[in-house]
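Listed here are the chains, written in short residue letters.
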Amino acid sequence: CPGRVRPDPARLPLVSLRLRTASTEETRALAAALAPAAEPGDRLALVGPLGAGKTQFAKGFAVGLGIDEVVNSPSFTLMAEYEGRLTLFHQDLYRLAGADEVLAGGLLDERQDDGVTLSEWADRLDEGLDPTRLTVAIEPTGPESREIEISGHGTVAERYAAAARRWGEAAA
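Summarised in this report is the structure supplied together with it. Being a predicted model, the structure only gives us computed values, none of them experimental. (Residues numbered from 1 in each chain as written. Predicted model: local features only at pLDDT ≥ 70, side-chain atom pairs only at ≥ 80, totals over all residues. Heavy atoms only, no water.)

Counting 37 residues, the largest nonpolar core has F57, F61 and Y160 as its most contacted members. In terms of residue count, the dominant contributor to this core is helix α4 (residues 154-171) (seven residues). In this structure, F57 is in contact with T27, A31, L34, L44, L46, L118, V136 and I138, ignoring residues within four places of it in sequence. (Core = buried A, V, L, I, M, F, W, Y, C linked by side-chain atoms within 4.5 Å. Buried < 20%, exposed > 50% of the residue type's maximum accessible area, 1.4 Å probe, protein only. Helix = DSSP H or I, 4+ residues; strand = E, 2+ residues; numbered from the N terminus. Contact = heavy atoms within 4.5 Å.)

Quick look at the structure:
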């Protein structure tokens with residue numbers, strides 16, 4: 001959020017982990033396994049081509065937060081809120097041209113400091129506005145299989161990477 005003091009990511013260690021999922025259900029399960037690592041103020045940047053599984057990831061993450069509501073892509077509303085263990089702010093930045101429209105639309109605000117934000121099409125938001133975000137890059141490798149790279153700097157990324165490793169070990 002614009003008023004929040006953030007550490008310089010260049011001074012924090014880069015954490016990166018690649019995983020593969022074989023189905024939509026596995027992608028959701030991975031996301032659900034990451035949700036317990038979420039802490040207030042976390043921001044996850046979901047990136048990937050159209051149809052990659054960003055919304056499926058968000059659906060699984062919501063389940064992991066204990067959210068019972070159906071989660072859909074907020075393409076026309078830009079942001080939806082769901083109550084769970086933490087408030088989930090689910091954004092879809094697809095229709096926005098860049099950071100100016102994100103800021104003008106009020107999509108970065110102090111309320112998000114108390115919840116976790118998942119932003120689909122986050123590549124439309126300059127990483128400089130959100131330097132400590134966790135990037136979740138989803139790449140289709142088949143009709144339902146995906147390669148998912150989780151990367152970021154510092155303790156936020158370390159928390160999620162540890163949860164992802166636990167999921168990978170349990171799924172093996």
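As a further point, take the sheet that holds strand β3 (residues 79-82). A sheet is described by the order of its strands in space; here seven strands give the open sequence β1-β7-β6-β2-β5-β4-β3, paired in mixed fashion. The sheet is open, and its two borders are formed by β1 (14-21) and β3, each paired with just one other strand. Across the sheet, the axes of successive neighbouring strands diverge by a mean angle of 15°, strand direction being ignored. Judged from the six bridges that link them, strand β6 (residues 134-140) and strand β7 (residues 146-153) form a sheet pairing that is antiparallel. The residue of β7 that forms the bridge with T135 is S151. Its contacts with the sheet put helix α1 (residues 24-34) on β1 and β7, and the angle it makes with β1 is roughly 145°. Along the sheet, α4 contacts β1, β2 (43-47), β5 (115-120), β6 and β7; its crossing angle with β1, the most-contacted strand, is approximately 30°. (Pairing = 2+ DSSP bridges. Axes fitted to C-alpha atoms, helices over the stretch in contact; angles between N-to-C directions.)

On to the environment of V156. Along the polypeptide, V156 turns up in helix α4. Each C-alpha atom of the pair V156 and R43 lies 9.1 Å from the other, and the pair is 113 residues apart in sequence. Setting aside residues up to four positions removed in sequence, V156 forms contacts with D42 and T132.

Most of helix α2 (residues 54-64) is tucked away: eight of the 11 residues are buried. When we look at burial in α2, the residues that qualify are K54, T55, F57, A58, K59, G60, F61 and A62. Taken together, the buried residues of α2 touch α1, β2, β4 (87-92), β5, β6 and α4. Just downstream of α2 lies G66, where phi reads positive at about 80°.

When two helices pack together, their arrangement is given by the angle between their axes and by how far apart the axes lie. α2 packs onto α1 with a crossing angle of 45° between their chain directions and a minimal axis gap of 7 Å. Taken together, the axis directions place α1 and α2 in an arrangement best described as oblique. As for how α1 packs across α2, the hand of that crossing is right-handed. Contacts between α1 and α2 involve T24, T27, R28, A31, A32 and L34 from the former and Q56, F57, K59, G60, F61 and G64 from the latter. (Parallel < 35°, antiparallel > 145°, perpendicular 65-115°, else oblique. Left-handed = near helix turned anticlockwise from the far one by under 90°.)

Now for the packing of α1 against α4. Between α1 and α4, whose axes approach to 8 Å, the crossing angle comes to 130°. Taken together, the axes of α1 and α4 lie oblique to each other. Here α1 and α4 pass one another in a crossing that is right-handed. Contact residues: α1 offers E26, A29, L30, A33 and L34, while α4 offers Y160, A163, A164 and W167. Class assignment of the residues belonging to the contact of α1 with α4 gives a composition of eight nonpolar, no polar and one charged. (Nonpolar A, V, L, I, M, F, W, Y, C, P; charged D, E, K, R; others polar.)

In this section: the pattern of salt bridges. The tally for this structure, following the rule as stated, stands at five salt bridges. We note a salt bridge from R20 to E147, for which the minimum N-O separation is 3.0 Å. Here the residue R20 occupies a position in strand β1, and E147 occupies one in strand β7, the gap between them amounting to 127 residues. Judged by its relative accessible area of 55%, R20 is exposed. Across the pair R159 and E39 runs a salt bridge, and its minimum N-O distance is 3.4 Å. With R159 in helix α4 and E39 in the loop between α1 and β2, this pair connects stretches of sequence that are 120 residues apart. Residue class for E39 comes out partly exposed when judged on its relative accessible area of 39%. Linked through salt bridges whose partners overlap, the residues forming this network are R18, R20, E147 and E149. (Salt bridge = Lys/Arg side-chain N within 4 Å of Asp/Glu carboxyl O.)

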